[in-house]
Amino acid sequence: MGKFIVIEGLDGTGKTTQIKLLQKSLEQRGIPAVTTAEPTDMPTGKLLRRVLSGEVPSSPWSTAALFLADRIQHNCGENGIIENIKNGKTVISDRYYYSTFAYQGSETDLKWTMDIHYSCPFVTRPDLVIFLTADVDECLDRINANRPASAIEIYENADALNRTKDLFSKVFDLIGDKENIVLVDASGTVDEVHARIIKAYDNAFGENKWV
């Protein structure tokens, strides 16, 4: 069986870059690894991207439910999370239900948003969650430097990012030790952050568990 790792964090923390580096490091050590992201490229995910861009109006409740539907497809679809894990591959996902808890949970009812995920038998729990931490101003600087204005989503502004940062903290407090969540400092160079992520991986699984 493979492992399931989720990389979370505010927009602008460098998740995409670090996921690619983690995949490369694992494969160099003989661990088959695949990367994925949410929203997915399936019809549910494509609709979500239109919602997040502001193109398609949606209530927070509908958006939360749509994320759950997309997540079920992400798990159960062909070449999905469950299939890859069963085939011995480590799956590294850019975002998972923690983002839904933080973003949509702040606009609906957090308990309801968490309950519909934890009660769903088709939503796999990760073996390790790495949450990249960074100052909101630094995140905004990275977002504005790397994307055109037309590509910036509805949650990518200072007020929304600060609210989300607080919500992530609340979510992790509620989850407690029920899941393996590690906070990793995303400041510094790309290589420095990567080294911290590898250390978190080592601490979670240990070399003796590598195949």
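This is a predicted model, so every value here is computed, not measured.

Chemist: Would you explain the packing of aromatic side chains in this entry?
Modeler: The geometry of an aromatic ring pair comes down to the distance between the two centres and the angle between the two planes. According to the stated counting rule, one finds 14 aromatic pairs in the structure shown. Arranged with centres 6.4 Å apart and planes meeting at 55 degrees, the rings of Tyr98 and Phe172 form a pair that is tilted. On the criterion of sequence distance, the pair formed by Tyr98 in helix 5 (residues 97–103) and Phe172 in helix 8 (residues 158–175) is long-range, its members being 74 residues apart. Accessibility classification places Tyr98 together with Phe172 in one group, the buried group. Between Phe168 and Phe172 the ring centres are 5.9 Å apart and the planes differ by 35 degrees, which places this aromatic pair in the tilted class. With a gap of 4 residues between them, Phe168 and Phe172 both fall in helix 8, about one helical turn apart. An identical accessibility class is assigned to Phe168 and Phe172; each is buried. Feature note: the residues Phe4, Tyr96, Tyr97, Tyr98, Phe101, Tyr103, Tyr118, Phe131, Phe168 and Phe172 constitute an aromatic cluster, connected by ring pairs.

Chemist: What exactly am I supposed to notice about unusual backbone geometry here?
Modeler: Where the residue is not glycine, phi is negative for most of them; where a peptide bond is considered, it is trans in most cases. Here Glu38 and Pro39 are connected by a cis peptide whose omega angle stands at -5 degrees. Along the chain, the position of Pro39 falls in the loop between strand 2 (33–37) and helix 2 (43–52). Of note in this structure, Arg95 is not a glycine but carries a positive phi near 80 degrees. Residue position: Arg95 is located in the loop between strand 3 (90–94) and helix 5. Taking the relative accessible area as the measure of exposure, Arg95 reaches 11% and is therefore buried.

Chemist: Teacher, can you tell me more about the environment of Thr36 here?
Modeler: Along the chain, Thr36 turns up in strand 2. Sequence separation between Thr36 and Val136 is 100 residues, and the spatial gap between their C-alpha atoms is 25 Å. Aside from chain neighbours lying at most four places away, what touches Thr36 is His74, Val91, Ile92, Ser93 and Asp94.

Chemist: For this particular structure, what's the right way to read the sheet that holds strand 4 (residues 128–133)?
Modeler: For sheets, the rule is that strands pair by backbone hydrogen bonds, running either parallel or antiparallel. If you trace the 5 strands from one edge of the open sheet to the other, you get 2-3-1-4-5, paired in parallel fashion. Two strands in the sheet have a free side with no partner beyond their single neighbour: strand 2 and strand 5 (181–185). The sheet shows a mean angle of 25 degrees between the axes of neighbouring strands, direction not considered. Relative to strand 5, strand 4 runs parallel, the two sharing 5 bridges. Note on strand 5: the bridge partner recorded for Leu132 is Val184. Strands in contact with helix 8 are strand 1 (4–9), strand 4 and strand 5; relative to strand 5, the strand with the most contacts, it is inclined by about 145 degrees.

Rules and cut-offs
Sequence order as written defines residue numbering, which begins from 1 separately in each chain. Thresholds applied to this predicted model are a pLDDT of at least 70 for local features of residues and 80 or more for the giving and counting of side-chain atom pairs; totals over whole chains, interfaces and linings are not thresholded and use all residues. Remark: hydrogens and water are excluded; side-chain values derive from all non-hydrogen atoms of the structure. Between 30 and 60 degrees the pair is tilted, below 30 it is stacked and above 60 it is edge-to-face, where a pair is any two Phe, Tyr or Trp rings, Trp via its six-membered ring, whose centres lie within 6.5 Å. Strands here mean DSSP runs of E at least two residues long; helices mean DSSP runs of H or I at least four residues long; both are numbered from the N terminus. Only protein chains enter the accessibility calculation, which uses a 1.4 Å probe. A residue is then buried if its area is under 20% of the maximum for its type, exposed if over 50%, and partly exposed in between. Here, two residues are considered to be in contact whenever any of their heavy atoms come within 4.5 Å of each other. We call two strands paired when DSSP finds no fewer than two bridges between them. For helices, the axis comes from a line fit to the C-alpha atoms of the stretch in contact; other axes are also lines fit to C-alpha atoms, and the angle between any two N-to-C directions lies between 0 and 180 degrees.

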